[in-house]
Amino acid sequence: MKHPNQEQWMEYLYNELSAGERSQFSAHLATCEECRRKVRSWQQTMTSLDEWQPPVSVAPAVRWSRTVRWAAAAMLMLGLGFALSRMTTPVIDQAALRAELKSEVESGVQKQWQQELKKLNAQIDRQRLEDQQQVVQTLRQMEAQRLADFASLRYELDTLAMSADNRKSDGFSHATAQVKLDVQR
Amino acid sequence: MSASIISTIFSLTDEQAMWRVQQHADEQAFAQLMRRWEQPIRNLCVRMTGDLHRGEDLAQEAFVRVYEKRQMYQPEAKFSTWLWRIALNLCYDEQRRINRRSETALQNDAGEVIFEPVNDASGPDESLAANERAEMVRRALQQLPENYRTVLVLRHYEGLKFREIADVLEIPEGTVKSRMVEALNQMQRLLEHKVTET
């Protein structure tokens, strides 16, 4: 058998040869000092490589469980906090609280109503005053108008009376004169 | 949840579950996918970034993205291929962000997180030595160019076949293997260099 090449020796070293091939290679090694030396050197290196084994770690389990543990711890703390807060919080009398709230709400509403009523009353008073003033002013205007009309009417009547007197005296004179004419005739 | 639903969900293939997520936003099916794939995706992201916390964040983000982009999933495609690709793209983006900020995983404080006991059963000296070796590997891996690191992580640590890696990265299988050769060769040199440094 010829010297196997280095790549073929790799197959031999890592057991990737068939049984038949392997026995041929072994037989060659038994007779070839050069190949034996080479293979022995590689085998020593391979043995050295085995001296470094990453720590059989706890790592995968620990690293994943670390997360889980943190999560569990956080949940536990949350739970404890919740329980403590429940325990330390004074018991609330819901009926009393409801009554208190009701009275507060009612008094609040009452105050608000009173304020609104006050506002409304004031507004009504203002409106009433304005209306009264308006009525008085209107009455005054009507009185003034009535007086003016009365004065005007009186003047008219006086004028009329005066003119009537004049016409009466004129008529009497005219009638007298007519009578005198008739008499003369 | 009734037993029948549980058994239904457990019998779903990845593709069936993803179809349910896509069509009905089925949270139970998504949870099932997460349970199946969370650890491999987390390991991929941690190894690609060399940073435990960043890797875990990226893994979570990958699943968030799967859910957000569920409508883009092609039902005829293999779910895992799609998922690996999403996670890898997130890792690449993260690496670019880090490069832009002129940070390296070797310099930041987060790197220290990786210093965790490899074997608590061993004695203090052994444990310390094991931790030092582990840290050396972690740092060497971070110095590996991204394309080699990806292939190495997917094949060596995540156990994908070369054919599957080729599908995820959408490159020929031969290229994957040659990258794997280069990745192992470079890692060998980097580790030798670090041993001599110490």
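Structure: see above.
First, a word on scope: everything that follows refers to the structure included in this document. No experiment lies behind these values; they were computed from the predicted model shown.

1. Let's talk about the overall build of chain B
- Across its full length, chain B carries nine helices and zero strands.
- Counting helices and strands in the order they occur from the N terminus, chain B gives α-α-α-α-α-α-α-α-α.
- Burial analysis of chain B (198 residues in total) assigns 50% to the buried set.
- Of the accessible surface of chain B, which amounts to about 9800 Å², a share of 50% is contributed by carbon and sulfur atoms.

2. Remarks on the overall build of chain A
- Each helix and strand in chain A was counted, giving five helices and zero strands.
- Along the chain direction, N to C, the helices and strands of chain A fall in the order α-α-α-α-α.
- Across the 185 residues in chain A, those meeting the buried criterion constitute 15%.
- For chain A, long-range pairs separated by at least 24 residues make up 52% of all intrachain contacts whose partners lie at least 6 apart in sequence.
- Accessible surface, chain A: about 15300 Å² in total, of which carbon and sulfur atoms supply 60%.

3. Side note on the pattern of salt bridges
- Throughout the structure, instances matching the rule amount to 21 salt bridges over all chains.
- For A:Glu143, the salt bridge identified is with A:Arg146, shortest N-O distance 2.9 Å. Of this pair, A:Glu143 and A:Arg146 both sit in helix α5 (residues 94–184), separated by three residues, roughly a single helical turn.
- A salt bridge links B:Glu170 to B:Arg85, with the shortest nitrogen-to-oxygen separation between them at 4.0 Å. Here B:Glu170 is found in the loop between α8 (162–169) and α9 (173–197), whereas its partner B:Arg85 is found in helix α5 (residues 79–100), with 85 residues between them in sequence.

4. With respect to the packing of helix α2 (residues 14–24) of chain B against α5(B)
Residue and element names in this part refer to chain B.
- The geometry of α2 relative to α5 is characterised by a closest axis approach of 8 Å and an angle of 70 degrees between their N-to-C directions. On the basis of the axis angle, α2 is roughly perpendicular to α5. Contacts from Asp14, Glu15 and Met18 of α2 reach α5 at Phe79, Ser80 and Trp82.
- Here the residues of the contact of α2 with α5 are counted per class, giving three nonpolar, one polar and two charged.

5. Here's the deal with the interface of chain B and chain A
- Listed as interface residues are 38 residues of chain B and, on the opposing side, 24 residues of chain A.
- Roughly 2900 Å² is buried in total at the junction of chain B and chain A, and carbon and sulfur atoms are behind 60% of that figure.
- Considering only the side of chain B, the residues that lose the most area to chain A are B:His156, B:Val181 and B:Leu184, jointly responsible for 19% of the buried surface there.
- The interface formed by chain B and chain A holds three salt bridges in total.
- Two residues, B:Arg155 and A:Glu16, come together in a salt bridge whose shortest N-O distance is 2.3 Å.

6. Thoughts on the side chain of B:Thr150
- Here B:Thr150 lies in helix α7 (residues 146–157).
- Beyond its immediate stretch of four places on either side in the chain, B:Thr150 contacts B:Met48, B:Leu88, B:Tyr92 and B:Leu169.

7. Here's the deal with a nonpolar patch on the surface
All names here are of chain A.
- Judged by side-chain polarity, Val105, Val109, Trp113, Leu117, Leu120 and Ile124 come together as a nonpolar surface patch covering roughly 590 Å² of accessible area.
- Along the polypeptide, Leu117 turns up in helix α5.
- Judged by relative accessible area, which is 45%, Leu117 ranks as partly exposed.

8. Focus on the packing of aromatic side chains
- This structure, assessed with the given rule, holds ten aromatic pairs over all chains.
- With a centroid separation of 5.1 Å and 80 degrees between ring planes, the pair formed by A:Trp9 and A:Phe25 is classed as edge-to-face. Remark: A:Phe25 occurs in helix α2 (residues 19–31) and A:Trp9 occurs in helix α1 (residues 6–13); sequence separation between them is 16 residues.
- Taking relative accessible area as the criterion, A:Trp9 reaches 0% and is therefore assigned buried.
- Ring centres of B:Trp37 and B:Trp84 lie 5.8 Å apart, and the angle between their planes is 90 degrees; on these two criteria the pair is classed as edge-to-face. Taken together, the residues span a long stretch of sequence, with B:Trp37 in helix α3 (residues 27–49) and B:Trp84 in helix α5 at a distance of 47 residues.
- Of the aromatic side chains, those joined through ring pairs into one cluster are A:Trp9, A:Tyr12 and A:Phe25.
- In this arrangement the basic side chain of B:Arg155 is found over the ring face of B:Phe162, its NZ or CZ atom lying 5.6 Å from the centre.

9. Structural notes on unusual backbone geometry
All names here are of chain B.
- Backbone geometry at Ala25 places phi at a positive 50 degrees, although glycine is not the residue there.
- Along the chain, Ala25 falls in the loop between α2 and α3.
- Take Ala25: its relative accessible area is 27%, and that puts it in the partly exposed class.

What counts, and at which threshold
Residues numbered from 1 in each chain as written. Chains lettered and ligands numbered in written order. Predicted model: local features only at pLDDT ≥ 70, side-chain atom pairs only at ≥ 80, totals over all residues. Heavy atoms only, no water. Helix = DSSP H or I, 4+ residues; strand = E, 2+ residues; numbered from the N terminus. Buried < 20%, exposed > 50% of the residue type's maximum accessible area, 1.4 Å probe, protein only. Areas by Shrake-Rupley, 256 points an atom, 1.4 Å probe, with all protein chains shown as cover. Contact = heavy atoms within 4.5 Å. Salt bridge = Lys/Arg side-chain N within 4 Å of Asp/Glu carboxyl O. Axes fitted to C-alpha atoms, helices over the stretch in contact; angles between N-to-C directions. Parallel < 35°, antiparallel > 145°, perpendicular 65-115°, else oblique. Nonpolar A, V, L, I, M, F, W, Y, C, P; charged D, E, K, R; others polar. Buried area = accessible area lost by both parts, 1.4 Å probe. Patch = residues over 30% accessible without salt bridge, like charges linked within 9 Å, V, L, I, M, F, W, Y side chains within 5 Å. Phe/Tyr/Trp six-rings, centres within 6.5 Å; stacked < 30°, edge-to-face > 60°. Lys NZ or Arg CZ within 6 Å of the ring centre and 35° of its normal.

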